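Observations on the three-dimensional arrangement
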Amino acid sequence: MSLADPRSDLDSGFTPRKVADSEQLFDIKLSPDATQVLYHVKPLYKSNEHETCAIWLADVSTAGSARQFTSGLFNDTAAQFHPDGRRLVFLSDRHKSGGPAQLYSIGLLGGEASPLFGKENKKGVSSFEISPDGRYVAFASADEPTPDDERREKEKDDCKSLWRQARLGASQAIYFCDRGRAHARRCKRETRFFFIWTPDSKEIVFATSSQPELEFSEEETELQRIAIAPGNSSTPHLIGTYPRSPGGKSSIAYTSEGTVVDLQSFEPARLSDSKSVFIHAAHDFSSSTRLYGKVDDAARILDMKRDGLVAVEVADGLRTRIDVLSIDYKDGKGKIMFKLYETTDDAIGYGLWDARWRADGTFVLVAIRSSSARHEPPDVWAGTIRDELTVVNLETKLSSHLQWMKDVPVMHTEAFHWDAADGTKLDGVVVFPPRAIESKPPSPLPTVMIVHGGPYSRETFEYVPAYASWRFLLASHGYLVVSPNYRGGQGYGSDFARAAHGGMGTLDWSDCESMLNEAVARGLADPGRLGIGGWSQGGFMTAWGVATTKNRFKAGVMGAGVCDWGQLAAESDLPEFETDLGGSAPWDTPVSSERVDMRGSPIGHVANVETAVLILHGEKDQRVPATQGISFFRGLRRRAKYPERAQLVIYPREPHGFTEKKHAEDVMKRVIEHFDHWL
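A few points on the structure. (Residues numbered from 1 in each chain as written. Predicted model: local features only at pLDDT ≥ 70, side-chain atom pairs only at ≥ 80, totals over all residues. Heavy atoms only, no water.)

1. Side note on the sheet that holds strand β17 (residues 252-254)
- Read from one edge to the other, the open sheet built from four strands follows the order β17-β18-β19-β20, with strand pairing classed as antiparallel. Each edge of the sheet is formed by a strand with only one pairing partner; in this case those strands are β17 and β20 (284-291). On average, each strand axis in the sheet is inclined to that of its neighbour by 30°, with strand direction left out of account.
- Pairing of β17 with strand β18 (residues 260-265), which is carried by three bridges, proceeds in the antiparallel orientation. Bridged to Tyr254 within β18 is Val260. (Pairing = 2+ DSSP bridges. Helix = DSSP H or I, 4+ residues; strand = E, 2+ residues; numbered from the N terminus. Axes fitted to C-alpha atoms, helices over the stretch in contact; angles between N-to-C directions.)

2. Structural notes on the nonpolar core
- In this structure, Met449, Leu480, Val482, Trp509, Phe632 and Leu636 are the most contacted members of the largest nonpolar core, which totals 49 residues.
- Tallying contributions element by element places helix α7 (residues 537-549) first for this core, with six residues.
- Ignoring anything within four residues of it in the chain, the contact list for Val482 reads Val429, Val430, Thr447, Val448, Met449, Ile450, Met515, Leu516 and Ala519.
- Within the second largest apolar cluster, 41 residues are counted, among which are Met411, Val448, Phe472 and Val649. (Core = buried A, V, L, I, M, F, W, Y, C linked by side-chain atoms within 4.5 Å. Buried < 20%, exposed > 50% of the residue type's maximum accessible area, 1.4 Å probe, protein only. Contact = heavy atoms within 4.5 Å.)

3. Details of the side chain of Glu654
- Tracing the sequence through the fold places Glu654 in the loop between β36 (646-651) and α12 (661-678).
- Within the buried core, Glu654 has no salt-bridge partner, and the shortest N-O distance to an opposite charge, that of Arg653, equals 6.4 Å.
- At 3.1 Å, the side chain of Glu654 and the backbone nitrogen of Glu660 are in polar contact.
- Excluding its chain neighbours within four sequence positions, the residues that come into contact with Glu654 are Gly618, Glu619, Lys620, Asp621, Thr659, Glu660 and His663. (Lys, Arg positive; Asp, Glu negative; His and termini not counted. Salt bridge = Lys/Arg side-chain N within 4 Å of Asp/Glu carboxyl O. Polar contact = N/O pair within 3.5 Å; in protein donor to acceptor, adjacent residues only side chain to side chain.)

4. Side note on helix α6 (residues 507-521)
- The first and last C-alpha atoms of α6 sit 20 Å apart over 15 residues, in line with the 21 Å expected at 1.5 Å per residue.
- Buried within α6 are the following residues: Asp508, Trp509, Asp511, Cys512, Ser514, Met515, Leu516 and Ala519.
- Buried residues belonging to α6 abut β29 (413-419), β30 (425-431), β31 (445-451), β32 (480-484), β33 (525-535) and α7. (Expected span 1.5 Å × (residues − 1).)

5. Considerations on the packing of α6 against α7
- Packing of α6 against α7 leaves a shortest axis separation of 11 Å and a crossing angle of 80°. As summarised for this structure, α6 and α7 are arranged roughly perpendicular, according to the angle between their axes. Residue-level contacts link Asp508, Trp509, Cys512 and Glu513 of α6 to Phe540, Met541, Trp544, Gly545, Thr548 and Thr549 of α7.
- Class assignment for the residues of the contact of α6 with α7 results in five nonpolar, three polar and two charged. (Parallel < 35°, antiparallel > 145°, perpendicular 65-115°, else oblique. Nonpolar A, V, L, I, M, F, W, Y, C, P; charged D, E, K, R; others polar.)

6. Remarks on unusual backbone geometry
- Cis geometry marks the peptide bond from Gly454 to Pro455; its omega dihedral reads 5°.
- Along the chain, Pro455 falls in the loop between β31 and α4 (471-475).
- Located in the positive-phi region is Tyr292, a residue other than glycine, with phi close to 70°.
- Checked against the element boundaries, Tyr292 lands in the loop between β20 and β21 (297-303).
- The backbone of Ala560 sits at a positive phi, close to 45°, despite the residue not being glycine.
- Take Ala560: it is sitting in the loop between β34 (555-559) and α8 (565-571).

Structure follows, in structure tokens:
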């Protein structure tokens, strides 16, 4: 680095160590009367063998009122207010650190947490829901092992069958707990994706398919309901079917009149598509009304549990808004009543909000919000409105977390708009290094294009720490960082999202490259010092970019990326999804020229690559197995123009998203060192 280099005298406070030592805020919920809010705080990465998490509470109307409620010594998660408003129910391993999660209850006035059921069980509770009347807690758990199961496990007679055969601990049931006693409810199809209570607390509605693995999540899924009260029939009743799973409990609402509101693909059978809200008539599930998905994307639905109101999180370009729908139970129709909230130069993460309508007619919204444009780290904010003519202003800051992110030098962030080669209007986000706060700096800057994963995701104005999101890490070290919202992503409707179907390396890449071209044309990016990087789908885009351009980029970082779509379809835990992206699977045809997946696979283009490529991968990655990184590394080592410029690092024990602090910190250090060396 020369003395004239603008990076040489930067006071960089956004360091790998600080990111690795950070905490994460998530899972926020309002109390029944909407006067209190709970949320969870845990270390972003674990430094010991077991994860820990604390429950926090705050008063909605009082700034700075957030306080830690549980110790943080245990893994206290999934907390919910009991309908009586006097206690919390949550999952914890406090009976055995690192052990299976079980149900606990604790009063809001304090005291010791009490187990509700099964703290000695060997199988943990995977999810639970409290009935609206507060009498029952329904939960899902695998069957306890039989003596024969325990013998087989002890003797290591534990082979795994991967295709539709019963396996040790695979069967699950929905249980309901009434005054400490648990009763099971079962159905012929053993797997529950999620479940919710009917408003009268008499039944549970759940989605079910034939197999528990993600591999089968694209199969036909049934929506069923089953009576809970003792003495009623335990036979499930079919409500309707989906061509594929609609998602988790944030994707469905069920009204007292039997109307179902759910979140599915714009065209439900499609894997790569935008998301829409469907309202199914109570008398005919197949009769439905579709909202959203044409030019924007529905992301989450929330039953506001009052007068047929449903809140919808909508991804709309760089912004997120929350609409309130009114549902007509008789004909299964719905309409947008009003807009509850909309981001501007800030962001709320997916699902990181809750809303309720108070008895006095006010709407309350709480959210975990951050803003890269305003240099605000994630915190809990609250706001209220008394009529439907205004949107909520999140004006009350309840918490103060991640203060170090507020203290680091400001990195100016702004929206970036341009036209694709075919005239499509595109946008993205640009982050400038500290002190380079002008939209046109005196001279072009060394630039790294960071490409988001998914591909069904998007860039916004969020300001959060993460080992695999390098926008602020690199900007703080002197780089201009450009991040495109390319076709195949979220927030721009069906045609935009559908481009991912069999489209790898086509419009997605031309959109990314056109942003870089525009940044160069505007005098922002130095064409002689360009880099590219990303994780998961962003890792694929990096591999594709360096393999097809050969020498445009001085350096690239491929994190958990794809190099061979056919191989990925054969090895990933989501084979149908990866096949949809790649366009075909190896078993689709014996004719190689008909293999669409081969056309978008970077592995076939590694000859004569000059770019220095750092490949990072987790050893236990099931989504994008480590063989993808190994294959690309071997190809570069054998066919690149400068084989010695390829590096591969495999991290033991790590899945697709890393969990260990030392590994997360090492990733970020290597990313900085790699770009510093080559740019």
